[in-house]
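Each chain, letter by letter, is given below.
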Amino acid sequence: MKFIEQEFPSLRFRRNRKSEKIRNLISETNISANDFIWPVFICEGNNVEQNVPSMPGVKRRSIDRLVEAASEAFDLGIPAICLFPYTEQSLRTEDCAEAWNPDNLSNKASRAIKKAVPDLVVMSDVALDPYNINGHDGFVENGKIVNDKTVEALVKQALSQAEAGVDVIGPSDMMDGRILAIRSALETNGYSDVAIMSYSAKYSSSFYGPFRDAVGASGALTGDKKTYQMDIANSNEALRLVARDLKEGADMVMIKPGMPYLDICRRVKETFGVPTFAYQVSGEYAMLSAAFENEWLERNKIIIETLLAFKRSGCDGILTYFAPEAAKLLKL
Ligand code: PBG
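Residues numbered from 1 in each chain as written. Predicted model: local features only at pLDDT ≥ 70, side-chain atom pairs only at ≥ 80, totals over all residues. Heavy atoms only, no water.

**Structural notes on the nonpolar core**
Consideration 1: Within the largest apolar cluster, 103 residues are counted, with the highest numbers of intra-cluster contacts made by Phe 36, Phe 41, Met 123, Ile 169, Met 197, Tyr 279 and Leu 319.
Consideration 2: With sequence-adjacent residues up to four places away left out, Leu 319 is seen in contact with Ile 37, Pro 39, Cys 82, Met 123, Met 197, Met 254, Phe 277, Ala 278, Tyr 279 and Gln 280. (Core = buried A, V, L, I, M, F, W, Y, C linked by side-chain atoms within 4.5 Å. Buried < 20%, exposed > 50% of the residue type's maximum accessible area, 1.4 Å probe, protein only. Contact = heavy atoms within 4.5 Å.)

**So, the environment of Met 259**
Consideration 1: Topologically, Met 259 is positioned in the loop between strand 10 (252-256) and helix 8 (262-272).
Consideration 2: Put simply, Met 259 and Thr 306 are 47 residues apart on the chain and 7.5 Å apart in space, counted from C-alpha to C-alpha.
Consideration 3: Setting aside its immediate chain neighbours within four residues, Met 259 contacts Glu 284, Leu 288, Thr 306 and Phe 310. (Helix = DSSP H or I, 4+ residues; strand = E, 2+ residues; numbered from the N terminus.)

**Side note on the state of the cysteines**
Consideration 1: If you walk through the whole model with that rule in mind, you get 0 disulfides.
Consideration 2: Cysteine Cys 82 shares no disulfide, and the gap to the nearest cysteine sulfur, in Cys 315, comes to 15 Å.
Consideration 3: Looking at Cys 96, it has no disulfide partner, and the nearest cysteine sulfur is the one in Cys 82, 19 Å off. (Disulfide = S-S within 2.5 Å.)

**Considering unusual backbone geometry**
Consideration 1: Along the chain, Phe 8 connects to Pro 9 via a cis peptide bond; the corresponding omega equals 10°.
Consideration 2: On the secondary structure map, Pro 9 appears in the segment before helix 1 (20-26).
Consideration 3: At the junction of Lys 256 and Pro 257, the peptide bond is cis and its omega measures out at -5° in the coordinates.
Consideration 4: With respect to the secondary-structure elements, Pro 257 resides in the loop between strand 10 and helix 8.
Consideration 5: With a phi close to 50°, Asn 142 is a non-glycine residue in the positive phi region.
Consideration 6: Positionally, Asn 142 belongs in the loop between strand 6 (140-141) and strand 7 (144-145).

**What about the side chain of Arg 178?**
Consideration 1: Within the fold, Arg 178 resides in helix 5 (residues 178-188).
Consideration 2: Overall, the relative accessible area of 0% leaves Arg 178 in the buried class.
Consideration 3: With residues up to four places along the chain from it excluded, the contact list for Arg 178 reads Val 151, Leu 154, Pro 171, Ser 172, Asp 173, Ser 198, Tyr 199, Arg 244, Asp 245 and Glu 248.

**Here we look at the pairing of strand 12 (residues 317-320)**
Consideration 1: Residue alternation in strand 12 divides its side chains into two sets, Gly 317 and Leu 319 and Ile 318 and Thr 320, and both sets are buried.
Consideration 2: As defined by bridge partners, strand 1 (residues 36-42) adjoins strand 12 across 2 bridges and the pair is classed as parallel. Counterpart to Phe 36 in the pairing with strand 12 is Ile 318.
Consideration 3: Pairing geometry for strand 11 (residues 276-280) and strand 12, over 4 bridges, is parallel. Note on strand 12: the bridge partner recorded for Gln 280 is Thr 320. (Pairing = 2+ DSSP bridges.)

**Some thoughts on a positive patch on the surface**
Consideration 1: Side chains of Arg 12, Arg 14, Arg 15 and Arg 17 sit close together on the surface and give a patch of like positive charge.
Consideration 2: Among the secondary structure elements, Arg 12 is positioned in the segment before helix 1.
Consideration 3: Relative accessible area serves as the criterion here: at 42%, Arg 12 is assigned to the partly exposed category. (Patch = residues over 30% accessible without salt bridge, like charges linked within 9 Å, V, L, I, M, F, W, Y side chains within 5 Å. Areas by Shrake-Rupley, 256 points an atom, 1.4 Å probe, with all protein chains shown as cover. Salt bridge = Lys/Arg side-chain N within 4 Å of Asp/Glu carboxyl O. Lys, Arg positive; Asp, Glu negative; His and termini not counted. Charge placed at Lys NZ, Arg CZ, Asp CG, Glu CD.)

**Concerning the site of the ligand**
Consideration 1: In the neighbourhood of the ligand, 17 residues make up the surrounding shell, with Lys 202, Arg 212, Lys 256, Ser 282 and Tyr 321 lying closest.
Consideration 2: Take Lys 202: an N or O atom from its side chain is 2.7 Å from an oxygen atom of the ligand.
Consideration 3: Contact between the ligand and Tyr 321: an oxygen atom at 2.6 Å from a side-chain N or O atom of the residue.
Consideration 4: Of the residues in the shell around the ligand, the class split is 7 nonpolar, 3 polar and 7 charged. (Near = heavy atom within 4 Å. Polar contact = N/O pair within 3.5 Å; in protein donor to acceptor, adjacent residues only side chain to side chain. Nonpolar A, V, L, I, M, F, W, Y, C, P; charged D, E, K, R; others polar.)

The following block contains the structure:
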């Protein structure tokens, strides 16, 4: 980039900040409801809404309530929703068979939402953790998370989601080879228009704690996810993962967590120029919510500031639990 050679007083930055209209004209980044994907939690039952204690304001909803919320989100201009099921304990098993049950909670919710709000983009999560007795994203054998056998299961899970009408498949499992396997299966089974947003650079982060409460996986998890999720110290590896996933057939890529990893978002966008997303995860939401509840930070302003930071770092969109609230704020 070439920098200006003028000097003070011919150069005065404050001229471009003189009024709101000038600032609007000059602003390099814009944010709107079009940039949001809203992650939601689903539970069994009818007319049920349960609070998630570590995520104040976030709820698990039964499908009927979820459909209402999805339709409201759509009316607010939010283009996409991402489904996460809270699976009953009895359906969490070693073989994870509920993951590809055509009538599991996630698949039932996809069908219901696509029926009620057909134009809302529905994204799903591909990983075994909501269905696994031990809380891991892959099968565990002799204390190890096995890769290739897990990928076969993920393919079945992804196909069941495509069959249920999902528009965007979101593999969050971090197994090697899963994007290629899922893309090939989608192609050969008549789902060539189903997109894949790969959780390409998913770090082994402690910011996921509240999410694991929300989906009921925290008690179950034995050990950590460090043999498949990324080392929080790495940056070049994120680029290699993105390159690999793009080659294997990902249409969009994601970086996760969000705010503490904006350096990675910037590098990914600059290196590849592909549709790039970040996930403002549960721990980020919890951290901000705690500060809001204590009135240590100004809720409305901080929500928008954090989301704008993602756009500035190069992201095209953000998965955020604040989506409906932020969409309302942006309409003001
Ligand atoms: C699981 C999954 C996780 C999240 C999305 N998908 C948790 C994990 O990997 O343990 C985290 C989302 C959040 O923290 O908001 N496959």
